[in-house]
Amino acid sequence: MMLGGSETSATAIEWVMSELVRHPVIMKKVQREVREVFDEVMEQKDDAIFSGKLWYLQMVVKETLRLHPPVPVLPPRVNDEGCEVMGYQIPARTTVLVNAWAIGRDPKHWQDPESFRPERFEYNSVDFRGGNFDFIPFGGGRRQCPGINFGLAIVETTLADLLYYFDWEYKGKEELDMTEGFGISSRRKWPLSLAATLRRPLPPA
Ligand code: HEM
């Protein structure tokens, strides 16, 4: 369980950083938010200020999970009884696979689906907590990921630290390759390699 949870969280973090270095305006905006909130926390020495304030970072994570769900195809399900879904007859005992990756890029549900645009979530209540079947990076229904809150906390706090303390740059000569690898989780095919520049003094070890 912990292995699955850390693999999915690490995959999400790597894709967020990949999208951010490809979108410098979005990178600047999210870093401004994180630095303003963290600087205030440090000044006031009050962690409570942190809670719920990283709105834009949360939208960036959402948009990344839409385009790069770490579990692209949900674990198989077998239906006990026959049923009809969108005009398709599904006989009893059929193994059904749900493609979360394709649903997140479906133009019937998402405007300009291939673009990385966190602002799409600003006035949009679509969430991944099980109520919207057009956005299911954590699955849905009774078997939805039980680690959703823990996973999001790992992803958001790790990213907030990376973005607060460092500036990040991709130094490759060619455009960053966004090819996905093949496997149960959709990690990058080629590991992400970025140059970090320290922008804030690191806390004492
Ligand atoms: C960004 C991080 C994560 C993502 C995207 C993610 C995604 C998923 C998905 C798609 C499923 C399958 C749901 C389904 O069958 O419909 C799942 C199942 C599961 N996840 Fe996560 N997960 C994450 C983090 C975690 C963490 C941190 C833990 C625990 C420490 C965890 C524990 C589990 C367990 C135990 C299941 C199996 C649930 C069952 O079959 O009833 N996950 N996760």
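Residues numbered from 1 in each chain as written. Predicted model: local features only at pLDDT ≥ 70, side-chain atom pairs only at ≥ 80, totals over all residues. Heavy atoms only, no water.

1. As for the packing of helix α2 (residues 24-44) against helix α3 (residues 55-67)
Argument step 1. Closest axis-to-axis distance for the α2/α3 pair is 8 Å, and the angle between their directions is 140°. In terms of orientation, α2 lies oblique with respect to α3. Of the residues in α3, those in contact with Ile26, Lys29, Val30 and Glu33 of α2 are Trp55, Tyr56, Leu57 and Val60.
Argument step 2. Class assignment for the residues of the contact of α2 with α3 results in six nonpolar, no polar and two charged. (Axes fitted to C-alpha atoms, helices over the stretch in contact; angles between N-to-C directions. Helix = DSSP H or I, 4+ residues; strand = E, 2+ residues; numbered from the N terminus. Parallel < 35°, antiparallel > 145°, perpendicular 65-115°, else oblique. Contact = heavy atoms within 4.5 Å. Nonpolar A, V, L, I, M, F, W, Y, C, P; charged D, E, K, R; others polar.)

2. Description of the layout of surface pockets
Gaps between atoms show up when a probe of the same size as a water molecule is rolled over them.
Argument step 1. Quantified by volume, the second largest pocket comes out at close to 740 Å³.
Argument step 2. In this structure, the second largest pocket is lined by 20 residues; those nearest its centre are Val85, Met86, Val96, Leu97 and Val98.
Argument step 3. When residues of the lining of the second largest pocket are traced back to their parent elements, those giving at least two are β1 (77-78), β2 (83-85), β3 (88-90) and α4 (100-104).
Argument step 4. Its residues assigned to classes, the lining of the second largest pocket comprises 12 nonpolar, three polar and five charged. (1 Å grid on protein atoms, 1.4 Å probe; cavity = no way out; pocket = protein on both sides within 12 Å on 5 of 7 lines; lining within 4 Å. Points joined across faces, edges and corners; volume = space filled by probe spheres on them.)

3. Focus: the UniProt feature "binding site: heme" (unreviewed entry) in the chain
Argument step 1. Under the local residue numbering, the UniProt record ascribes the feature "binding site: heme" (unreviewed entry) to Cys145.
Argument step 2. Its location among the elements puts Cys145 in the loop between α4 and α5 (148-165). (UniProt positions renumbered as here; feature names shortened; annotations may be inferred.)

4. Looking at a nonpolar patch on the surface
Argument step 1. Taken together, the side chains of Val85, Met86 and Tyr88 define a hydrophobic patch exposed on the protein surface, amounting to about 400 Å² of accessible area.
Argument step 2. Turning to its location among the elements, Met86 is positioned in the loop between β2 and β3.
Argument step 3. The class of Met86 is exposed, set by a relative accessible area of 77%. (Patch = residues over 30% accessible without salt bridge, like charges linked within 9 Å, V, L, I, M, F, W, Y side chains within 5 Å. Areas by Shrake-Rupley, 256 points an atom, 1.4 Å probe, with all protein chains shown as cover. Salt bridge = Lys/Arg side-chain N within 4 Å of Asp/Glu carboxyl O. Buried < 20%, exposed > 50% of the residue type's maximum accessible area, 1.4 Å probe, protein only.)

5. So, the site of the ligand
Argument step 1. With respect to spatial proximity, 20 residues lie near the ligand, and among them Thr8, Arg77, Pro137, Arg143 and Cys145 are the closest.
Argument step 2. Arg77 is positioned such that a nitrogen or oxygen atom in its side chain is 2.7 Å from an oxygen atom of the ligand.
Argument step 3. The separation between an oxygen atom of the ligand and a polar side-chain atom of Arg143 is 2.7 Å.
Argument step 4. Contributions of two or more residues to the shell around the ligand are made by α1 (2-22) and α5.
Argument step 5. Residues belonging to the shell around the ligand are distributed by class as follows: 11 nonpolar, seven polar and two charged. (Near = heavy atom within 4 Å. Polar contact = N/O pair within 3.5 Å; in protein donor to acceptor, adjacent residues only side chain to side chain.)

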